[in-house]
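Analysis of the macromolecular model
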Amino acid sequence: MIRFAPYYELRPWGGSRLVEELGRELPEGKIGESWELVELGSRHSRAVGGPHDGALIGELWRAGVLGGSAKGTFPFLLKWLDTDERLSVQVHPDEATVARLGAGAAKSEAWYVAHVDPTASLFVGHYPGLDPATLRLAATGGTIHKWLYEVRPRVGEMIYVPAGTLHAVGAGFLLLEVQQSSDTTYRVYDWGRLDAEGLPRTLHLDEACEAVKYDRFGAPKAQRGQLLCESFSLRALRMGQEIAAGALRVFVADSGAAKLVGAAGDEVLEYGDVVVAQESDGAVRLATGTALLVSEPLEHEDA
């Protein structure tokens, strides 16, 4: 099983849970995101320790070391989000929007709720009646949140946020986010927040008005146990469950310590740790604790 070095990203809304809950040693500043697995732009996860030390995740993926389809770029971006303030109201494009705009990359995503403060909320999905003119007016007038459903998820819930969905993560969350391998985000409203130079953060209203799926209103329904979509899959594992070789298998310790047992030996994970199984690990069993399994879409999985 292979571990990769994370990329820690400064964000104005970053909190302290990566340190307090996951025990990470972080650089200075507000760290809001830990990119655990990524092959995007200048960010290429690099293996740490073991015989593949220093190898890039894309090289291992396309060589078939990690199982799965082994085609193209590594199939998703996996990150931890730690929010001490509300994130911007934003939307991501789908393939059709990207084609119309001629820039960016499609991005659907999902959240697994690892920690939530008692009063924390997500803003996700819009009420009926929203259209481009109303969206622009609400965004510039600071009332866009009144068009969004406010939901209060529980620990262990999974929420799918398909491209074209208006959303904002509130303060008080530790979320595992899995998303298409894209960093295209159109910011609609940012609660009056200023950047490091004291200026309002850039908005992308023209692109956002193109990207929102106005006829797809309502809040997405939280799920437990598993979440399957066209871009990735997310599944909660029970102690004693065994996952066969063949598929891409990313394991995440989602609530505390966990131990995985494979053909090459045991792997002990602390809360928040991420490991990727190799084909040579054979069947991997979750011996103790709980974990999440992240993989390619269902058609690439070993059922």
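One can find the structure itself at the top, above this paragraph.
Let us look at the structure shown here. (Residues numbered from 1 in each chain as written. Predicted model: local features only at pLDDT ≥ 70, side-chain atom pairs only at ≥ 80, totals over all residues. Heavy atoms only, no water.)

Moving on, we get to the packing of aromatic side chains. Taken as a whole and assessed by the stated rule, the structure comprises six aromatic pairs. Here the aromatic rings of Phe-74 and Phe-76 are separated by 5.1 Å at their centres, their planes lie at 65°, and the arrangement is edge-to-face. Across the pair, exposure class does not vary: Phe-74 and Phe-76 are buried alike. Among the aromatic residues, those joined into a ring-pair cluster are Trp-61, Phe-74 and Phe-76. Here the basic side chain of Arg-86 rests over the ring of Trp-191, its NZ or CZ set 3.8 Å away from the ring centre. (Phe/Tyr/Trp six-rings, centres within 6.5 Å; stacked < 30°, edge-to-face > 60°. Buried < 20%, exposed > 50% of the residue type's maximum accessible area, 1.4 Å probe, protein only. Lys NZ or Arg CZ within 6 Å of the ring centre and 35° of its normal.)

Turning our attention to the pattern of salt bridges. If you walk through the whole model with that rule in mind, you get 20 salt bridges. The salt bridge involving Glu-109 is made with Lys-107; its shortest N-O contact spans 3.9 Å. For Glu-109, a relative accessible area of 2% translates into the label buried. Between Asp-190 and Arg-193 there is a salt bridge whose closest N-O contact spans 2.7 Å. (Salt bridge = Lys/Arg side-chain N within 4 Å of Asp/Glu carboxyl O.)

What follows deals with the layout of surface pockets. By volume, the largest pocket amounts to about 360 Å³. Looking at the largest pocket, it is lined by 22 residues, and the ones nearest its centre are Arg-11, Trp-13, Glu-33, Gln-90 and Thr-185. Those elements giving two or more residues to the lining of the largest pocket turn out to be β3 (31–37), β7 (77–83), β9 (109–116) and β13 (167–169). In terms of residue count, β13 provides more of the lining of the largest pocket than any other element does, three residues in total. Of the residues assigned to the lining of the largest pocket, the class counts are seven nonpolar, five polar and ten charged. (1 Å grid on protein atoms, 1.4 Å probe; cavity = no way out; pocket = protein on both sides within 12 Å on 5 of 7 lines; lining within 4 Å. Points joined across faces, edges and corners; volume = space filled by probe spheres on them. Helix = DSSP H or I, 4+ residues; strand = E, 2+ residues; numbered from the N terminus. Nonpolar A, V, L, I, M, F, W, Y, C, P; charged D, E, K, R; others polar.)

Take the sheet that holds β9 next. Here we have six strands laid out as an open sheet, ordered β2-β3-β7-β14-β9-β12, and antiparallel in their pairing. A single partner strand is all that each edge strand has here, and the edge strands are β2 (7–10) and β12 (158–161). Across this sheet, the average inter-strand angle for adjacent strands is 25°, counted without regard to direction. In terms of strand pairing, β9 meets β12 through four bridges, oriented antiparallel. By the bridge assignment for β12, Trp-111 is matched with Ile-159. (Pairing = 2+ DSSP bridges. Axes fitted to C-alpha atoms, helices over the stretch in contact; angles between N-to-C directions.)

Core analysis: the biggest nonpolar cluster contains 37 residues, and Leu-37, Leu-66, Phe-74, Phe-76, Leu-78, Val-250 and Val-252 have the highest contact counts within it. The residues touching Val-250, leaving out its near neighbours within four places in the chain, are Leu-37, Phe-74, Phe-76, Leu-78, Val-274, Val-275, Val-276, Leu-292, Leu-293 and Val-294. Counting 21 residues, the second largest nonpolar core, distinct from the first, contains Leu-130, Tyr-189, Cys-209 and Val-212. (Core = buried A, V, L, I, M, F, W, Y, C linked by side-chain atoms within 4.5 Å. Contact = heavy atoms within 4.5 Å.)

None of this, on its own, says anything about what the molecule does.
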